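Each chain, letter by letter, is given below.
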Amino acid sequence: MRRTLPLSLLIVACGGGAARPIAPANHGVDPGGGGAPAGSLDEARAALARGEAPDAICFAWSASTRTAACAVDESSIQGGATLAVRFLGDRPAEHVYYQHPEDRQFFGVEAEFIDQAALAAIDQALRDGGFVAWDFAPRELAPGVEGQLGAIALRRTRTATGTDGDPMTGVWDTFTDTVEARCGGAWRPVALPATSFASPIGEVTIATLTTPAGQLVFTASWHYGIEGDSGGGADAVALPALCP
């Protein structure tokens, strides 16, 4: 599976100007960008059928519906796993195709729990929308470095807050994580889901990109390992303009 399911986050903001390849940027994205076609969707479809995720969080684009197809997931040994494809854009939708039993620890996708009807619905949605495989060319926004997204400056701060755990069995560092946008002369926090984007443990990678329709996208991936548990995942949510 992709990145042993470390949690990733995708945020799409309309308006305003693991093992995934990410440009070593902190220079934001080209405001006239949007990526480029990336071959066939067959590989992504095959990965989903195996209960795996495509190589990229957002892996396909529909020009006719101005919508991106993105693989989202969340998992941990103790908490189970959920995998879905979420469509973000003018025709939003979500199809959950794997739900691990709540009473069983999760060590990997078990084929009998893959929802074949949901996979068929995903495939039909991809065909109906005329989706093509797409490289959205995300650029990383690292902690402590200011980036640029079109005319908007961004900055990210990840601050160590202490430790958690038991000294007898194991301890781990804890953090706060924030992203801000400079609107005029003032920095304003970007409202992001705290449980996925601002993971207080583990490592989080955040990147920016734009869709061909000009939708602003943030992605963030995380993974963690603590005493008795490890996990991660992928999430997606649409946001309003950063500087309305």
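Above this note sits the structure.
Residues numbered from 1 in each chain as written. Predicted model: local features only at pLDDT ≥ 70, side-chain atom pairs only at ≥ 80, totals over all residues. Heavy atoms only, no water.

Novice: Can you explain the packing of helix H1 (residues 42-49) against helix H2 (residues 116-128)? Please cite residues and give values.
Specialist: Relative orientation of the contacting elements H1 and H2 amounts to 165 degrees, with a least axis distance of 11 Å. In terms of axis orientation, H1 runs roughly antiparallel to H2. With respect to the hand of their crossing, H1 and H2 are arranged in right-handed fashion. Along its contact with H1, which presents Arg45, Leu48 and Ala49, the element H2 presents Leu119, Ile122, Asp123, Leu126 and Arg127. Class assignment for the residues of the contact of H1 with H2 results in five nonpolar, no polar and three charged. (Axes fitted to C-alpha atoms, helices over the stretch in contact; angles between N-to-C directions. Helix = DSSP H or I, 4+ residues; strand = E, 2+ residues; numbered from the N terminus. Parallel < 35°, antiparallel > 145°, perpendicular 65-115°, else oblique. Left-handed = near helix turned anticlockwise from the far one by under 90°. Contact = heavy atoms within 4.5 Å. Nonpolar A, V, L, I, M, F, W, Y, C, P; charged D, E, K, R; others polar.)

Novice: Before we move on, could you go through the sheet that holds strand S12 (residues 186-189) and cite the residues and values that matter?
Specialist: Read across the sheet, four strands follow the order S9-S10-S11-S12 without closing on themselves; strand pairing throughout is antiparallel. Pairing within the sheet leaves two strands with one partner each, and these edge strands are strand S9 (146-149) and S12. In this sheet, adjacent strand axes meet at a mean angle of 40 degrees when their direction is disregarded. Taken together, the four bridges between strand S11 (residues 170-183) and S12 define a ladder with antiparallel strand orientation. What sits directly across from Ala181, in S12, is Arg188. (Pairing = 2+ DSSP bridges.)

Novice: Can you break down the pattern of salt bridges residue by residue, with the values?
Specialist: On inspection of all chains with the given rule, the structure shows 11 salt bridges. For Arg45, the salt bridge goes to Asp42, with nearest N and O atoms at 3.9 Å. In this pair, Arg45 and Asp42 both sit in helix H1, three residues apart, roughly one turn of the helix. Using a relative accessible area of 52% as the deciding quantity, one classes Asp42 as exposed. Among the ionic pairs, Asp90 bridges to Arg66, the shortest N-O distance being 2.7 Å. Taken together, the residues Asp90 in the loop between strand S5 (80-89) and strand S6 (93-99) and Arg66 in the loop between strand S3 (58-62) and strand S4 (67-76) connect sequence positions 24 residues apart. Residue classification places Asp90 among the partly exposed residues on the basis of a relative accessible area of 45%. (Salt bridge = Lys/Arg side-chain N within 4 Å of Asp/Glu carboxyl O. Buried < 20%, exposed > 50% of the residue type's maximum accessible area, 1.4 Å probe, protein only.)

Novice: Just give me the short version of the nonpolar core, but keep the residues and values in it.
Specialist: Counting residues in hydrophobic clusters, the biggest one holds 22 residues, and the most contacted among them are Phe59 and Tyr97. Looking at this core, the elements that each hand over two or more residues are H1, S3, S4, S5, S6 and H2. Setting aside residues no more than four positions away along its own chain, Phe59 makes contact with Leu41, Ala44, Leu48, Pro54, Ala69, Cys70, Ala71, Val85, Val132, Ala133, Trp134 and Phe136. Counting residues in each nonpolar core, the second largest holds 20 residues, with Ile152, Ile201, Phe218 and Trp222 among its members. (Core = buried A, V, L, I, M, F, W, Y, C linked by side-chain atoms within 4.5 Å.)

Novice: Please set out H2 residue by residue, giving values where relevant.
Specialist: Think of an α-helix as turning once every 3.6 residues; residues three or four places apart then point the same way. Between its first and last C-alpha atoms H2 spans 18 Å; for 13 residues at 1.5 Å apiece the expected length is 18 Å, and the two agree. Among the residues of H2, Ala118, Leu119, Ile122 and Leu126 are the ones counted as buried. The buried residues of H2 all sit within an arc of 105 degrees when viewed along its axis, so they share a single face. Residues of H2 that are exposed and angled more than 90 degrees away from the buried face: Gln116, Ala117, Arg127 and Asp128. Lining the buried residues of H2 we find H1, S4, S5 and S6. Between a side-chain oxygen at the N-terminus of H2 and the backbone nitrogen of Ala117 the separation is 3.0 Å; the capping residue is Asp115. Where H2 ends, the next residue or the one after it, Gly130, has phi of about 65 degrees, a positive value. (Expected span 1.5 Å × (residues − 1). Arc of directions from axis to C-beta. Polar contact = N/O pair within 3.5 Å; in protein donor to acceptor, adjacent residues only side chain to side chain.)

Novice: Can you tell me about the pairing of S4, naming the residues and giving the values?
Specialist: With nine of 10 residues buried, S4 lies mostly within the body of the structure. Linking two consecutive strands that pair antiparallel, namely S3 and S4, is a turn of four residues; a positive phi of about 50 degrees is found at Arg66 within it. In the sheet, S4 pairs with S5 via 10 bridges, with the strands oriented antiparallel. Its bridge partner being in S5, Ser76 is matched across the sheet by Gly80.

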